[in-house]
Amino acid sequence: MYYNSTKRKDVQELDVLDKLQILGEGAKYDVCASTATKSSKIINPAIGSTSPSGICHSFTPDGRCISLFKVLLTNYCEKDCAYCPNRIDRNVPRSRFTADELVNVFMEFYRRNYVEGLFLSSGIFHSTSATMDEMIKVAEILRNHHKFGGYIHLKILPGSSAAEIQAAAAVADRISLNMEAPSDRHLAKLSRTKQYGPEIIGTMAKIGAYVARYKDVSHTTQYIVGAAQESDRDILTSAASLYKGYALKRAYFSAFQPVKHTPLETVSATPLIRENRLYQSDFLLRLYGFHLGEFVFDAGGNLDPDIDPKLAYALNHPELFPLDINQASYQQLLKVPGIGPRSASRIVQVRRTHRLNDPRELKNAGVVLKRSLSFITLNGQYFGDRRLLDKPRRQTYQQLALWGDERDLYSSLITG
Ligand code: SF4
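(A) Molecular detail of the overall build of the protein chain. Looking only at helices and strands, one finds 15 helices and 8 strands in the protein chain. For the protein chain, the residues scored as buried account for 41% of the 416 residues in total. Partitioning the intrachain contacts of the protein chain with sequence separation of at least 6 by distance along the chain shows that 70% fall at a separation of at least 24.

(B) Main features of the packing of helix α3 (residues 128-145) against helix α4 (residues 162-171). Taken N-terminus to C-terminus, the directions of α3 and α4 make an angle of 20°; their axes are 9 Å apart at the nearest point. One finds that α3 runs roughly parallel with respect to α4. In the crossing of α3 with α4, the sense of the turn from one axis to the other is left-handed. Residues Ser129, Met132, Ile136, Ala139, Glu140 and Arg143 of α3 pack against Glu164, Ala167, Ala168 and Val171 of α4.

(C) View of the site of the ligand. Neighbouring residues of the ligand: Cys77, Lys79, Cys81, Cys84, Asn86, Arg87, Gly123 and Ile124. A class-by-class count of the residues in the shell around the ligand yields 4 nonpolar, 2 polar and 2 charged.

(D) Molecular detail of the sheet that holds strand β4 (residues 174-176). In spatial order, the strands read β1-β2-β3-β4-β5-β6; together these 6 strands make up an open sheet with parallel pairing. The open sheet has two edge strands with one neighbour each: β1 (68-72) and β6 (250-255). Neighbour-to-neighbour, the strand axes of this sheet turn through a mean angle of 20°, independent of strand direction.

(E) Representation of the pairing of β6. Burial analysis of β6 places 5 of its 6 residues in the buried class, the great majority of the element. Sheet analysis places strand β5 (residues 218-225) next to β6, joined by 6 bridges and oriented parallel. Paired with Val225 across the bridge in β6 is Ala255. Considered for its hand, the β-α-β crossover made up of β5, helix α7 (residues 232-245) and β6 is right-handed.

(F) Here's a closer look at the nonpolar core. With 97 residues, the main nonpolar core has Leu154, Ala168 and Ala172 as its most contacted residues. Not counting the four nearest positions on each side in its chain, Ala172 is found in contact with Ala139, Ile152, His153, Leu154 and Val217.

(G) Quick look at helix α2 (residues 99-111). For α2, spanning 13 residues, the distance from its first C-alpha to its last is 18 Å, which sits close to the expected 18 Å at 1.5 Å a residue. For α2, the set of buried residues is Leu102, Val103, Phe106 and Tyr110. For α2, the angular spread of buried residues about the axis comes to 100°, placing them on one side. Projecting away from the buried face of α2 at angles above 90 degrees are the exposed residues Asp100, Glu108 and Arg111. Residues of α2 that are buried make contact with β1, β2 (117-121) and α3.

(H) Layout of the packing of α7 against helix α8 (residues 272-287). Taken N-terminus to C-terminus, the directions of α7 and α8 make an angle of 35°; their axes are 11 Å apart at the nearest point. The hand of the α7/α8 crossing is right-handed. Of the residues in α8, those in contact with Asp232, Ile235, Leu236, Ala239, Ala240 and Tyr243 of α7 are Arg277, Leu278, Ser281, Asp282, Leu285 and Arg286.

(I) Spatial organisation of unusual backbone geometry. Here the residue pair Phe321 and Pro322 is connected by a cis peptide bond, since its omega of 0° sits within 30 degrees of zero. Here Pro322 lies in the loop between α9 (309-316) and β7 (323-324). For Asn113, which is not glycine, the phi dihedral falls at a positive 70°. Inspection of the secondary structure assignment puts Asn113 in the loop between α2 and β2. Assessed through the 7 C-beta atoms surrounding it within 10 Å, Asn113 is described here as exposed. One non-glycine residue, Ala247, adopts positive backbone phi at about 55°. Here Ala247 shows up in the loop between α7 and β6.

Cut-offs used in this document
- Residues numbered from 1 in each chain as written.
- Predicted model: local features only at pLDDT ≥ 70, side-chain atom pairs only at ≥ 80, totals over all residues.
- Helix = DSSP H or I, 4+ residues; strand = E, 2+ residues; numbered from the N terminus.
- Buried ≥ 20, exposed ≤ 12 C-beta atoms within 10 Å, placed from the backbone.
- Contact = placed C-beta atoms within 7 Å.
- Axes fitted to C-alpha atoms, helices over the stretch in contact; angles between N-to-C directions.
- Parallel < 35°, antiparallel > 145°, perpendicular 65-115°, else oblique.
- Left-handed = near helix turned anticlockwise from the far one by under 90°.
- Near = placed C-beta within 6 Å.
- Nonpolar A, V, L, I, M, F, W, Y, C, P; charged D, E, K, R; others polar.
- Pairing = 2+ DSSP bridges.
- Right-handed = clockwise from strand over helix to strand, strands pointing away.
- Core = buried A, V, L, I, M, F, W, Y, C linked by C-beta atoms within 7 Å.
- Expected span 1.5 Å × (residues − 1).
- Arc of directions from axis to C-beta.

Below, the structure written as structure tokens:
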């Protein structure tokens with residue numbers, strides 16, 4: 001076993017199972033992306049093609065993907081990210097796969113039906129270019145030699161060149177570069193060796209330019225939530241700018257967990273509810289037409305952990321509710337708690353034939369009535385509880401909780 005980057009020996013001395021243990025463990029801190037895809041990067045793939053049905057992956061209850069072969073090429077790394085188990089000065093077993101070794105392991109797992117696709121990340125070994133080239137080589141061998149037509153997600157390392165991004169995109173269904181922190185100021189708290197401008201934003205710009213032009217690959221990112229004392233507003237502001245200017249498909253949020261023998265080992269773990277609220281807000285940004293200015297943040301720029309951000313918005317805007325379901329535009333419907341894009345579309349469709357009078361029709365359209373009824377009217381009729389819309393009672397969850405039965409009423413509107 002090799003304990004740090006200054007004591008490297010011939011990695012061939014480790015057998016593949018040892019490497020797998022080290023490099024599978026090292027990869028678990030990366031959030032897998034949702035991976036449904038119809039694309040295949042090769043014509044007439046011999047194996048692994050999921051077209052036309054797409055791949056369906058399983059997720060653990062906390063949102064982690066479990067059906068990809070998720071592994072690092074190496075856990076050697078020249079960077080010093082304070083939260084990371086692979087940071088340069090951490091005294092842990094180190095190893096690396098060669099491209100051929102990794103391909104062989106993957107194909108063995110694939111043939112045994114253990115995995116459907118590959119999620120390949122890596123520390124930085126020798127140089128960004130050398131590591132990135134080896135990662136690309138893994139995917140190229142799978143595509144070109146084994147005719148693998150399944151899902152491949154490649155991490156793009158900070159500082160990768162446009163040519164490397166292009167080569168990765170040519171063989172991957174998804175590429176991703178981790179932001180980790182929302183700004184220069186925040187990243188500086190986490191690393192002395194990672195440069196936000198050239199290595200993160202500069203690389204993100206190259207990825208965004210490629211994806212916007214060719215559209216045959218998607219790209220995502222990940223934030224470590226709570227490691228750099230950033231606020232929810234900081235993270236959502238950063239994500240919104242990536243959606244707008246960098247063709248980002250999706251941001252992922254990973255609640256910070258302290259790792260022993262790192263500079264942040266004594267810092268408290270970030271509560272998972274914070275991660276959850278960020279995911280809900282991200283959905284509102286991407287799919288519900290919400291703008292950053294519509295989120296309700298506290299004085300520190302954070303979302304309320306006790307209520308979901310859409311309910312917080314509705315409670316904060318008594319002037320907009322109750323909303324007449326028969327008059328509201330599609331975009332207005334999306335602002336109602338309990339109504340999503342699909343149910344809003346169905347309501348608009350049904351209204352073409354008749355006016356909606358009965359809450360049961362809303363239920364048939366997919367509306368979650370217990371969340372929506374207090375915020376809507378149907379042909380002038382109100383079926384909810386006006387106490388939620390009365391201004392003096394529009395206080396915080398903690399205040400409402402003092403009123404006993406109203407806590408039940410309020411809790412019924414809270415989404416998990
Ligand atoms: S670049 Fe940072 S986060 Fe990535 S493996 Fe190296 S130390 Fe960890």
